[in-house]
Structures are given as C-alpha cells and as structure tokens.
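Observations on the model geometry
Each chain, letter by letter, is given below.
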Amino acid sequence: MDYGPAPESQKEAQAWLERHDRAFGLFIDNAWSAPGELFASTNPADASKLADLTQASGADVDRAVEAARRAQPGWQALGGHGRARVLYALARLLQKHARLFAVLETLDNGKTIRETRDIDMPLAARHFYYHAGWAQLQAEEFADYRAVGVVGQIVPWNFPLLMLSWKIAPALAAGNTVVFKPAEFTSLTAMLFAEICVQAGVPAGVVNIVTGDGRVGEAIVNHAGIDKLAFTGSTEVGRLIRVATAGSGKKLSLELGGKSPFIVFEDADLDAAVEGLVDSIWFNQGQVCCAGSRLLVQESVEEKFLAKLRARMDKLTLGSPLDKSVDIGALVDPVQRQRIAALVESARAEGCTVYQSACELPAEGSWFPPTLITGASTSAAVAQAEIFGPVLVAMSFRTPPEAVQLANNTVYGLAACVWSENISLALDVAPQIKAGVVWINTANQFDAACGFGGYRESGYGREGGREGMYEYMTALSEDARPAAPVMEAKAQPKLAMAGGSGDPFAIDRTAKLYVGGKQARPDSGYSRAIHGASGAFIGEIGEGSRKDIRNAVEAAHKAGGWAKATSHNRAQVLYYIAENLAARADEFAARIAAMTGSKNAEKEVQASIERLFYYAAWADKYDGQVHQPPMHGITVALNEPVGVIGIVCPNEAPLLGFISLVAPAIAMGNRVVVVPSEAHPFSATDLYQVLDTSDLPGGVVNIITGGADELARTLATHSDIDAVWRHDGSAEGCAEVERLSAGSLKRTWVGGAKGRDWYSTAQSGGRAVLAHATQVKNVWIPYGV
C-alpha cells in the first residue's frame, strides 16, 4: 500500500518571512540592526530564495561582545530563580510556536517535517526546561563555581535550532551571556528565536545573534572579549579553532565529526536492527555527526541482513520535505551533494559495489538517494572519511574482538550502536568502544539530561547533563590561584664536568629514566648537571629525547590492563605508594631541602603522602551516574580514563606537584608519561624504588627527565598520547602545548600564566581535577526491546 501525499502548510512560515520583508539584520542588545551586506538563504528542496540575511562585520561582532559584556553581571546577579523563569518562558514559547519553527526549519534546511516536528522541536524545548532546573539549583549544586562570562557559540547547518538550544540553554542557566552565530545556510530559526527572546523577557545583551559566513566565526574565535568558545562542526575547523585560541585562556569545547560504527551481532533482532539502521544513517539525509555510517555485521548473518536492508531501502520515499509521508528530504546545498557524489564515485572506481534505492529524484534542489557500499577495504576513503550524507559502508566481522577492533579503526570517537539479544555481550562490548555515546539496541537517542560528545578527533567537552553545565562554569578556586612562579634557571645540559670541589664523578650519581617499570639510559647519551639552592652539585639526570618519549608511550600502551583494574585495586596501590614514601620521608625531605633550599621540606613530604591518600580515597568514589531519560530504559554515564596522559610538572614543590598530577591520573586508570621538575628532578627519580615496591604495574608511570620545552613539544605532537597537562609556569610553553595538540585534537590542561597552590586541595584536588583525568561515556540501555 502506498501513502498519498500529506503536505504540511507553509502559509504561516511564509507570512512570517513577509512580515520581515524577507530581509534580516543582526540581533544585538535586544534590537535589530538594519539589513546590511546581504546573502541569500534558499530552500534546498527547490532552490527558491527564502530571505536575505546580513553578513556581519568585525565591528558588528565587537558590538555584540560589548553588549554581552555589559549584560553579564546583571544576568548573573538576577540569581538562579530569575534565570530559571526566563529559561522556562523560552521553553514554553518554543512549544507554543512549535509548528512555525518546524516548518521554517524544514524550508531552510531540507530535512523532513516529521523530523523537525517530532524530534527537533520537542528536544529543543526539553533543553530549556531541563536547564531552567539547573539554573534554579545552581547555588546549591554548583556552589563552588561561577559563570565563565561571555560565551561565543558557533553551530552547523544540520540541526540549526536544536544546536542553538544545546548551546544557549546551559550557557544562560550558568549565568553567562552569549554571542551566537548560526550556520550561513540555515539562520532563519535563529532569527525567529531572537523574537521569542524578547517575548520571554531575556534582558538586553544576554543573547546576541550575528549571521554570516566563516569570517564571522573567525571574528568570534579571535575576539579578546570572549571567555569561552563552544563549537560544533567539522574536525578541520575544530583544529583551526584550537590553534587560534592557544594561549588565550579561553575555555573551549569542540563537538566535531564522526564515523560511527553500527555493530550487528548474529543473535540480534535483525528486523529491529534494520529499522535502527534506517534511523541511524538516513535520518536527516545522513547529515548527522553521529550517523551510523559504518555497518559492521557478523559474517554468519551478513547476507541475510543485507538482503533485508536492501529491501527496506527500496521502500524509503524521497521527496518534498514538507510532505509528512516522505522519509528522506533534500541535502542542504549543491556543494554538499557534489562532495557526497565524488566520494561514492571514488568507491566505485576502487571496485566497491554501490547499491542505491530506486527512487526518482526531483528535478530541482539538492538530492541524493540512499546508498549502500559493500566491498570497501578498511582503509578506503569511504570507510574512513566522514561522508555526511545518506551513504552507508558495510563490512563483516567474525568475532566480538574483531568487531571492537574494526569499530575503533577510526580517528573519530563520537558514537556507536551495538545490536544483540545477549545483554552480557552488549554490555561487554560497549565499554571497549572508543566513543562518547553508545546505544544498545537503539539508535540516535538524545536527551538534555544525558551528556553528548566525543573522544579523539570527535572533539572534547560534553553537551547536556551535569557535565555539560561544567563546560560553562569556572571553579572559584581558579580565581584564587597565585601569580605564575618565578621561572627557575635552566639547568645547563650536556656538561662534561659538573664543577665544584672534589671529584663528583668518583661515584656515578646520574639518575636514569624510568620506562616500563625499569630504569633506562637516555637514548641521547647525554646528561645534565643539577645543582642545589646553594650551588653545590647534587648529581646528573638523563637528557630525555623524542625516542625516549616514544619508548615511554609504547610502555604505557602495553600497560592498558591498568584501566581495567578495579578501582579498589588502584586505590590499594596508591596507599602502598604512600606507605613506602612515608618510610623514606626523612630521605625525601633532605633531598628537597638540598635541591630547593626549602625550610619546610618535611611539610612537602607529608603533604605528598596525604595527597596520595586523598586520591586513593577518590579512586573508588568518583562514580558515574544513572540517568532516566524520557524513554523506556536508562542511560549509564561512565567516568572512563582518558588513556595515556603526558604530564609536565611544576618546579615549585617538586615532589608535591609531581604527586598532585600523577596520583589523580593513575587513580582513574590512566597511564602517564611524566616530565618532572626540570630544575629539581630528583624528587621524581628518587621515587623509582618506591614505585617498584608498591605493586604498580610497569608502564603505568613512566618518567622522562630533561628539558621541559622540548619534551612537552614531543608529548603534544605524539599521536598516541590522549592528553597533555603542563603546569610548570611557562605561559609560552602552555600555549605551545595547546597549539600543537590540534594535530590529533588531544585534550589539554595547562596552568597558563598562573601558578597553583599545590598544598590546597581546592586548587589541586577534587572533582575539578578528576574531570581532567576522565571522559564521560553515556551508554543507552532500553528495557524490553
């Protein structure tokens, strides 16, 4: 049976455009500017012009930032309840005008009215309701945090209104003000949202919307008056933003591309999995960052599943997005269609089999049929590149370990689907997949209470949930940090003689490196002399090099079992380290006094022992959460280790600083490659025997001594390091780490131009530090399906 056409009326949306004479200025300080330099917004389904929008200038961005800066203190002072009332009003207005928003979104974007009406609009309203609640509870639940300030937000064209809600709702709830840039292709629902901001009583300057192309986004990214940037878009642009903001002190969250696996095991409900796959890859014409664009199906059911899939593809309808009986709408722009077509043709040229559903494409507009590619190699462009269109690449696997290996064979890590009737199998596989979201026996589920975001080159930071709120706040302890410490004089490397009286080389006092649980000579063959506070020669350390970092990273990856160890086991090891350090407390205190001239060396050792106990206590208490989203099931938010972390330690408090950075990292299951204090490294090298006698597996902690700048540079550019922390007081060095990390988009935590009170758990402990050592994975587990 075929369904007849069921067109949605566009009368109200067209009337709204006419009331604005189909031309829009900028929305700054609750006022509309006169339309300036214009560009057209067109309907992707028929290429007709909908309206003209203003290309904002650098001066316009300046005005928007100034308005946001003026408004921010008053908005924050309004209090949680005051902000909650405004957010609630926005949610209600989105519901009241839901059909107008939905039709306008479909006209501007090309996605089907069923998607904008049934998915985008309810979720957009849900985000404002949910974050109205966080605003109300902020003083209680986030008492130790404040708003960041002025937030710059840039979103893509695939979910224009929904991305606006994901960004603006938490920012306003936390007390920030916003300069928001919608996508050039799809700005119209942002213009309508600006209107309801006035109706909802949003104070002037709290929400500012500037339209235009990438030049506007660049002006926002580079603006000195922006305190935090939130970007959703391509990985390539995300890299550019990371480089541009390096050293600026701006908070940054990036939600980038994906190449998500859709794994079907032989015991799965194949019919249900086919329907889930349709939702995963052909929803919004495949223009979804978390689209299940890589089908991995178990070999024993591959042919049967693909036959079912092809039959389902042939029943998909493509046509006018305003027709409520249509499954697939138009691509956003002809440029996008050309890119998709080129990738599909490259697969055909490589000998792949390309199956496309037999649907008639409209003569006008941007269209592409549902496409299935089989026979591609794992290294083929279509298997690795984010196609961002209605194109699925299928391949098979034999065993669950092979499925996991194939799933993780990508630079991305945004989302994944696992289909199996064996819940034990599904729950075993889900944590092994390197992705921020894993759906079990379902696909493309979203909720404001459940964080969304990626691993690796899919970016960092989360949107939604408690973790999403933290993205828009700053710990009050950060405001109390001291000025950057005076940089220690660089030790002179590669000396033939250490100088001083007597013969310092009568006994070799050169500390080796510590790699894989063993002491190792540096590959460079060089050492550097270390002198104490009095100028007396203490000993020499190995001059670590790029090769030594490489060996240490390899050892850290071999110690991957540490991440699978129980939190209780990790806690015990930390307690053992503290116990063994305590047994040698006098020796460590004497060494610290000799190196630094400290009169309170005993205090530093005792504080280090206490800090080890502190993170041992946290090891089995930094739990995840269980969310109950509006679905028949639960979402489990897991705090997973980041992976391998490179750490550059401070010169002040050389033992306590080392412990305060290494302990939280390994407590959460990470492995570390540590560069100890360049000026006072012996506090770290003296720990070798302590670690050896504390049941710490080899490779969990690797210590490379030498020049902080050179070694930090190597850590930041190493593709197998997942995060870099630098807290040695070098503002230039911290900026370099942020800039170089853009190559693989690894996470960074740097001290910048400020120091840190290492004796204070407010500044060197707690959940704020543990958040840097973990990443949140949300696993969606439905009931009874």
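Scoring rules and cut-offs
Residues numbered from 1 in each chain as written. Predicted model: local features only at pLDDT ≥ 70, side-chain atom pairs only at ≥ 80, totals over all residues. Heavy atoms only, no water. Salt bridge = Lys/Arg side-chain N within 4 Å of Asp/Glu carboxyl O. Helix = DSSP H or I, 4+ residues; strand = E, 2+ residues; numbered from the N terminus. Buried < 20%, exposed > 50% of the residue type's maximum accessible area, 1.4 Å probe, protein only. Core = buried A, V, L, I, M, F, W, Y, C linked by side-chain atoms within 4.5 Å. Contact = heavy atoms within 4.5 Å. Pairing = 2+ DSSP bridges. 1 Å grid on protein atoms, 1.4 Å probe; cavity = no way out; pocket = protein on both sides within 12 Å on 5 of 7 lines; lining within 4 Å. Points joined across faces, edges and corners; volume = space filled by probe spheres on them. Nonpolar A, V, L, I, M, F, W, Y, C, P; charged D, E, K, R; others polar. Axes fitted to C-alpha atoms, helices over the stretch in contact; angles between N-to-C directions.

**As for the pattern of salt bridges**
- Tallied over the full model, the rule gives 33 salt bridges.
- With a closest N to O distance of 2.7 Å, Arg 114 and Asp 327 form a salt bridge. Linking Arg 114 in helix 5 (residues 113–141) with Asp 327 in the loop between helix 11 (302–313) and helix 12 (334–349), this pair joins segments that are 213 residues apart in sequence.
- Among the ionic pairs, Glu 463 bridges to Lys 167, the shortest N-O distance being 3.0 Å. Within this pair, whereas Glu 463 is found in the loop between strand 19 (459–460) and helix 16 (465–470), its partner Lys 167 is found in helix 6 (residues 160–173), the two being separated by 296 residues in sequence.
- Under the relative-accessibility criterion, Lys 167 is labelled buried at 1%.
- It is possible to trace a salt-bridge network through shared partners that takes in Glu 8, Arg 99 and Lys 324.

**Some details on the nonpolar core**
- Judged by nonpolar contacts, the single largest core of 120 residues is most densely connected at Leu 90, Leu 94, Phe 193, Leu 295 and Leu 309.
- Contacts of Leu 295, omitting those with residues within four sequence positions, involve Phe 262, Val 264, Leu 277, Phe 305, Leu 306, Leu 309, Leu 392, Val 393, Ala 394 and Met 395.
- In terms of nonpolar packing, the next biggest core, distinct from the first, is built from 57 residues, Leu 574, Phe 588, Val 605 and Trp 749 among them.

**Here we look at the sheet that holds strand 21 (residues 510–511)**
- The mixed open sheet is built from 3 strands, whose spatial order is 21-25-24. Sheet topology places strand 21 and strand 24 (527–531) at the edges, where each strand pairs with a single neighbour.
- Summarising the sheet, strand 24 and strand 25 (residues 537–542) pair through 5 bridges and their orientation is antiparallel. Considered in strand 25, the bridge of His 531 is made with Phe 537.

**Comments concerning the layout of surface pockets**
- One number sums up the size of the second largest pocket: a volume of about 1,500 Å³.
- The wall of the second largest pocket is formed by 48 residues, among which Pro 431, Lys 434, Ala 563, Glu 640 and Pro 641 lie closest to the centre.
- Counting residues per element, the ones that place at least two in the lining of the second largest pocket are strand 19, helix 19 (561–564), helix 20 (567–583), strand 27 (633–641) and strand 33 (774–782).
- The biggest single contributor to the lining of the second largest pocket is strand 27, with 5 residues.
- Class assignment for the residues of the lining of the second largest pocket results in 17 nonpolar, 15 polar and 16 charged.

**Description of the sheet that holds strand 4 (residues 38–42)**
- Across the sheet, 3 strands lie side by side as 1-5-4; this open sheet has mixed pairing. This sheet does not close on itself; its edge strands, each paired only once, are strand 1 (23–24) and strand 4.
- Looking at chain direction, strand 1 and strand 5 (residues 49–54) are connected through 2 bridges and run parallel. What sits directly across from Ala 23, in strand 5, is Asp 52.
- The sheet contacts of helix 7 (residues 188–200) involve strand 1, strand 4 and strand 5, and relative to strand 5 the element is tilted by about 65°.

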